[in-house]
Amino acid sequence: MRVKQPSKASPEKAKRSKRPPIPHDEDSSDDVAVGFTCQHISHAVSVHHVKKAIAENLWSVCLECLKERRFCDGQPILPPDIWLCLKCGFQGCGKNSEGQHSLKHFKSWRAELHCIIINLSTWIIWCYECDEKLSTHCNKKVLAQTVDFLQKHVSKTQTSAFSRIIKLCEEKCETGEKNKGRKGGSVTSVKGITNLGNTCFFNAVMQGENTQYFIIIKSMHKIKLILFLKDPLVVELSSPGPLTSALFLFLHSMKETERGPLSPKVLFNQLCQKAPAFKSFQQQDSQELLHYLLDAVRTEETKRIQAGILKAFNNPTTKTADDETRKKVKAYGREGVKMNFIDRIFIGELTSTVMCEECSNISTVKDPFIDISLPIIEERVSKPVLLGRISKYGSLQETDTGQYSGTVTKAEGVYTNARKQLLISAVPAILILHLKRFHQAGLSLRKVNRHVDFPLMLDLAPFCSATCKNVSVGGKVLYGLYGVVEHSGSMRGGHYTAYVKVRTPSRKLLEHITGKKNVPGLKEADSESASQWVHVSDTYVQVVPESRALSAQAYLLFYERIL
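The name recorded for the protein chain in an unreviewed UniProt entry is Ubiquitin carboxyl-terminal hydrolase, from Capra hircus. Among the UniProt annotations of the protein chain, the heading Subcellular location (unreviewed entry) holds the following wording: "Photoreceptor inner segment". In UniProt, the protein chain has this text filed under Subunit (unreviewed entry): "Interacts with ERCC1. The catalytically active form interacts with SPDL1."

See the structure below:
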């Protein structure tokens, strides 16, 4: 809704309504003499009614749009421009929305004043009668108190709203499944995703995640955790955060195969709130997008688990908690983070070991990873470096004329020759490989266009440490390829697409994640013939032979553990 700037005219001229003026309370101590003061506040603001309404309804959702159950591209229409009536708590879409339910609500009341509304995103206050923007600094204190209450209420109700919307969509999905009956094959179809404007980088990544729909949903759809240390602790979880809920909603919508392309607007907007850089609708990096998405969801889930743990201890504070309680909360917190579904599905661990060749001292560092970045060696021979240089670990190298050995002393410290080894110490359920096609070349970026062969089956055993978690000694660690994100074009103009292997979801993968056998709800594929490869370019979806997927100019490779 476009907000008009406050008029410079006197308060007497600001009123444009044909209704008879309402007497102004001259003796009220709540009034501030400076600036424009709306005369309708005393009759159009009711904190009691607002509190009652928001306790009974969804937060920041147009109630009328929700009642109409209107869906677009498989997702519920949720206008972002929501205004709340400060008289009764009604929430409706703004004047620029298709429904204009906020304006219609104001016009429907003739006996009472429902003219003052507040935007639940920008907190702008508007009076329909005065046709002016109001300020909490230039009006009655009740207005400032109401706004303060609403802002404090946001964090408590925002996630609950998403969860209730998700429930509506689940009911819709279940109805659709019943209508379809038993007809059709066992292989799920792939839906195209609408390009919102240079968002192919987002669409291609989400196609890879979509194929793990059942795995992700079953892992994140938890309301209770049981953590074990000396004593088991039952943790009640609140609703997921807004981004996590939007991801859940998006994946549910992707499941609906009877509709056409899907709009990612709700999920993408939630992500942009966490990472505003993606709002520009410029060319972006798919790998960077993937990191932001998983990191942000992981943060929300971690906070949700930690809040549940604190609640299980009756929300202790630094003043009320004794030393033993603090230690327990901290210990259960460490265990709880491990239950984060992002960690259990996507996060692995790399162990970096550096050995000094002079004294044989060994240092070890463990780091989690979302993906593993692999350099691509260019086919052409690089120009020789004419000057000596210090290598990454401090060994001084010289071209042609010889090689330095031993130690080199500088102001900053002592550098010596060293050897480094990187091994995987914890394997993820989903392995993502990043082929580094973009790299710095002087002051500009270059792209390596060379084709890289990648296998359908990958054995990680040779790259795992002897103490690698979830791996049997001497056994294979097999992963199967199920998704490829391809970047075609150059740095000046390119396009991301995805190759997706559509197949029956694997029971074995969920068993790897949960650590449980005989997980209900998933069936093994009868044979390899039950799968097929699909090429997806935004809304365009085409079945392709396996050979075409393997010939792609891969940028991201998605593998799932199968053994």
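Now that the structure has been shown, the text picks up again.
Engineer: With reference to specific residues and values, describe the sheet that holds strand S5 (residues 116-119).
Structural biologist: If you trace the five strands from one edge of the open sheet to the other, you get S4-S3-S5-S6-S7, paired in antiparallel fashion. Edge strands, defined here as strands with exactly one partner in the open sheet, are strand S4 (91-93) and strand S7 (132-134). The mean angle between the axes of side-by-side strands here comes to 35°, regardless of whether they run parallel or antiparallel. Sheet strands in contact with helix H5 (residues 101-108) are strand S3 (82-85), S4 and S5, and its direction is about 120° off that of S4.

Engineer: A description of the nonpolar core should follow, citing residues and the corresponding values.
Structural biologist: If you look at the biggest cluster of nonpolar residues, it comprises 51 residues, and the most contacted ones within it are Phe 202, Met 206, Phe 250, Leu 267 and Tyr 496. Ranked by size, the runner-up nonpolar core spans 31 residues in total, among them Cys 38, Ile 41, Val 50 and Leu 103.

Engineer: Requested: an account of the pattern of salt bridges, with residues and values cited.
Structural biologist: Considering all chains together, one arrives at seven salt bridges under this definition. Glu 301 serves as the salt-bridge partner of Arg 304, at 3.0 Å between the closest nitrogen and oxygen. With Arg 304 and Glu 301 both in helix H11 (residues 286-312), this residue pair falls three residues apart, about one helical turn. Each member of the pair, Arg 304 together with Glu 301, is buried.

Engineer: Requested: an account of the sheet that holds strand S17 (residues 418-426), with residues and values cited.
Structural biologist: An order of S11-S10-S17-S22 is seen for the four strands of this open sheet, with the pairing classed as mixed. What marks the edges here is a single partner per strand, and that holds for strand S11 (362-369) and strand S22 (464-469). Going across the sheet, the axis of each strand differs from the next one's by a mean of 25°, ignoring polarity. Sheet topology note: the strand S10 (residues 348-356)/S17 ladder contains eight bridges and is antiparallel. Its bridge partner being in S17, Ser 352 is matched across the sheet by Leu 422.

Conventions adopted
Residues numbered from 1 in each chain as written. Predicted model: local features only at pLDDT ≥ 70, side-chain atom pairs only at ≥ 80, totals over all residues. Heavy atoms only, no water. UniProt positions renumbered as here; feature names shortened; annotations may be inferred. Pairing = 2+ DSSP bridges. Helix = DSSP H or I, 4+ residues; strand = E, 2+ residues; numbered from the N terminus. Axes fitted to C-alpha atoms, helices over the stretch in contact; angles between N-to-C directions. Contact = heavy atoms within 4.5 Å. Core = buried A, V, L, I, M, F, W, Y, C linked by side-chain atoms within 4.5 Å. Buried < 20%, exposed > 50% of the residue type's maximum accessible area, 1.4 Å probe, protein only. Salt bridge = Lys/Arg side-chain N within 4 Å of Asp/Glu carboxyl O.

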